[in-house]
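Residue-level listing of the chains:
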Amino acid sequence: MPAKVVPDLEPYVPPPQTKENLDWAELEALDISRLDQPGGKEALAEQVLRFINKNGFFYVTGHGLTDEQINRQYAIGKAFFRLPLEEKMKYLCNTAVGDFRGYKPRSTGELSSRDNDERYNIPKFTPEHERPHPQLILDHYEEIKEFSLHIHNKILLPLLRLFAYVLEIDEDYLVNLHRYEEKGLEYLRYMQYYPRTAEEDRKLGNIWAQGHTDYNTLTFLFYQPVAGLQVLTTDGTWKYVKSEPGSIIVNIADALEFLSGGFLKSTVHRVVRPPSDQADKPRLGLIYFARPEAAVRMKPVKSPLLERLGIQIPESERKALEGITAEEWARARIAKDHRFRTGVVNHRETEIIAGVYQKYYD
């Protein structure tokens, strides 16, 4: 039987950086290749303690992924979004019940102002998540799997060990809450925002995605030169986050903030209309969302560091969180977002579950 022929992908070439003089946030980079060097872990821990609650985002370098590997994933994402809508809709995710596996289309008509992106989320490569995929994804399944596993094993786990070291707890404590083979929804996302006219954006305050925090552990954003991502700084101003070649932008999300007692704070970020020399281009993204195992309770770790500094989550919220699992929190966040995005409610709901609230920012 002849070998199966897989169609070639159109090579992905990153668009050029903007030439506009934007107000960029100053971010530090953690070179995780130093973790295996003498004194490297200690030096990186000192770096974390200096910047972790100042900059929101940080870069990771020394991550072991090549530009070629990353661009291949972008090529797959680009090809996916070019598929006919009726084909993509066969793999629709059930966000109404908090499930982000599969395809989410962008909203149209009166609801288009609430949701201007489409996504395809590929979960962990475990029996729990076996499901149909478009032929395009199946054709490149093994390289997507290899890419995803590298992120989990070679980037996420070293960072979790580093953060555990910073918290002065067993270095495998957080790692053991993120075992790949255990039940839990961790996924790679292809995502694309679509350009709107200047007039359309002006009516919406030039906001493409309202300020928010993520609900997982860590979010990894791969090189994306179309500016638009902004972080809310500690002085209350929004600054652009520059994507640098060879680096991954990382932000801390809700689950890690809860587990660290508020020491590692979830990053407040948004997406705005790109500058004029990029505003007519789709904004293609490649993102990985790491999340704790489904059954993990959202209660703070017992940590000497937290004992000295004090837990920074209000007691009432902390008590509520102790009864919530990572899966329950994530599903509730996704389902509440679905209700707003699809017009079930006309305002974002701030109470997510069991008296725990989510803040939104202009």
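Note that this is a predicted model, so its numbers are computed, not measured. (Residues numbered from 1 in each chain as written. Predicted model: local features only at pLDDT ≥ 70, side-chain atom pairs only at ≥ 80, totals over all residues. Heavy atoms only, no water.)

A. Summary view of the overall build of the protein. On a plain count of helices and strands, the protein comes out with 10 helices and 14 strands. Scaling as 2.2 N^0.38, a compact globule of 362 residues should have a C-alpha radius of gyration of about 21 Å, and the protein matches this with 20 Å. Dimensions of the protein, computed from the C-alpha atoms along their principal axes, are close to 55 × 55 × 45 Å. Put simply, the protein has 362 residues, and 54% of those count as buried. (Helix = DSSP H or I, 4+ residues; strand = E, 2+ residues; numbered from the N terminus. Rg over C-alpha atoms; globule rule 2.2 N^0.38 Å. Buried < 20%, exposed > 50% of the residue type's maximum accessible area, 1.4 Å probe, protein only.)

B. Examining the pattern of salt bridges more closely. Considering all chains together, one arrives at 24 salt bridges under this definition. Close ionic contact of Arg339 with Glu349 constitutes a salt bridge, the shortest N to O distance being 2.8 Å. One end of the pair, Arg339, is in helix α10 (residues 326-341); the other, Glu349, is in the loop between α10 and β13 (351-353), and 10 residues separate them in sequence. What makes Glu349 buried here is its relative accessible area of 15%. When salt bridges with common partners are traced through the structure, they connect Lys104, Asp115, Asp117, Arg119, Asp337, Arg341 and Arg348 into a single cluster. (Salt bridge = Lys/Arg side-chain N within 4 Å of Asp/Glu carboxyl O.)

C. Region of interest: the packing of helix α1 (residues 40-51) against helix α5 (residues 141-166). Relative to each other, α1 and α5 sit at 70°, their axes nearing to 9 Å. The angle between the axes of α1 and α5 places the two elements in the roughly perpendicular class. Contact residues: Lys41, Glu42, Leu44, Ala45, Val48 and Leu49 in α1; Leu162, Phe163, Tyr165 and Val166 in α5. Of the residues assigned to the contact of α1 with α5, the class counts are 8 nonpolar, no polar and 2 charged. (Axes fitted to C-alpha atoms, helices over the stretch in contact; angles between N-to-C directions. Parallel < 35°, antiparallel > 145°, perpendicular 65-115°, else oblique. Contact = heavy atoms within 4.5 Å. Nonpolar A, V, L, I, M, F, W, Y, C, P; charged D, E, K, R; others polar.)

D. Structural context of the side chain of His129. Among the secondary structure elements, His129 is positioned in the loop between β4 (117-123) and α4 (135-139). Polar contacts involving the side chain of His129 include one to the side chain of Arg101, which spans 3.3 Å. (Polar contact = N/O pair within 3.5 Å; in protein donor to acceptor, adjacent residues only side chain to side chain.)

E. The arrangement of the UniProt feature "domain: Fe2OG dioxygenase" (unreviewed entry) in the protein in detail. UniProt records the feature "domain: Fe2OG dioxygenase" (unreviewed entry) for residues 184-292 in the present numbering. The straight-line gap between the two end C-alpha atoms of residues 184-292 is 7 Å; of that span, 11% is helix and 38% is strand. (UniProt positions renumbered as here; feature names shortened; annotations may be inferred.)

F. Looking closely at the packing of helix α2 (residues 67-81) against α5. Where α2 contacts α5, the two axes come as close as 11 Å, and the packing angle between them is 130°. The angle between the axes of α2 and α5 places the two elements in the oblique class. The two elements α2 and α5 cross, and the hand of that crossing is left-handed. Along its contact with α2, which presents Gln69, Ile70, Arg72, Gln73 and Ile76, the element α5 presents Glu143, Ile144 and Phe147. (Left-handed = near helix turned anticlockwise from the far one by under 90°.)

G. Structural view of the sheet that holds strand β9 (residues 238-240). With antiparallel pairing, 4 strands are arranged side by side in an open sheet as β6-β11-β8-β9. Only two strands of the sheet have a single neighbouring strand rather than two, namely β6 (207-212) and β9. Pairs of neighbouring strands in the sheet enclose a mean axial angle of 25°, with direction left out of account. Relative to strand β11 (residues 269-272), strand β8 (residues 229-232) runs antiparallel, the two being bridged by 3 bridges. (Pairing = 2+ DSSP bridges.)

H. Examining the sheet that holds strand β10 (residues 248-252) more closely. Here 8 strands make up an open sheet; going across it, the order is β1-β2-β10-β7-β12-β5-β4-β3 and the pairing mixed. Looking at which strands have only one partner, the edges of the open sheet turn out to be β1 (29-31) and β3 (102-104). Across this sheet, the average inter-strand angle for adjacent strands is 25°, counted without regard to direction. The strands that α1 touches are β1 and β2 (57-61); relative to β1, the one it contacts most, it runs at about 165°.

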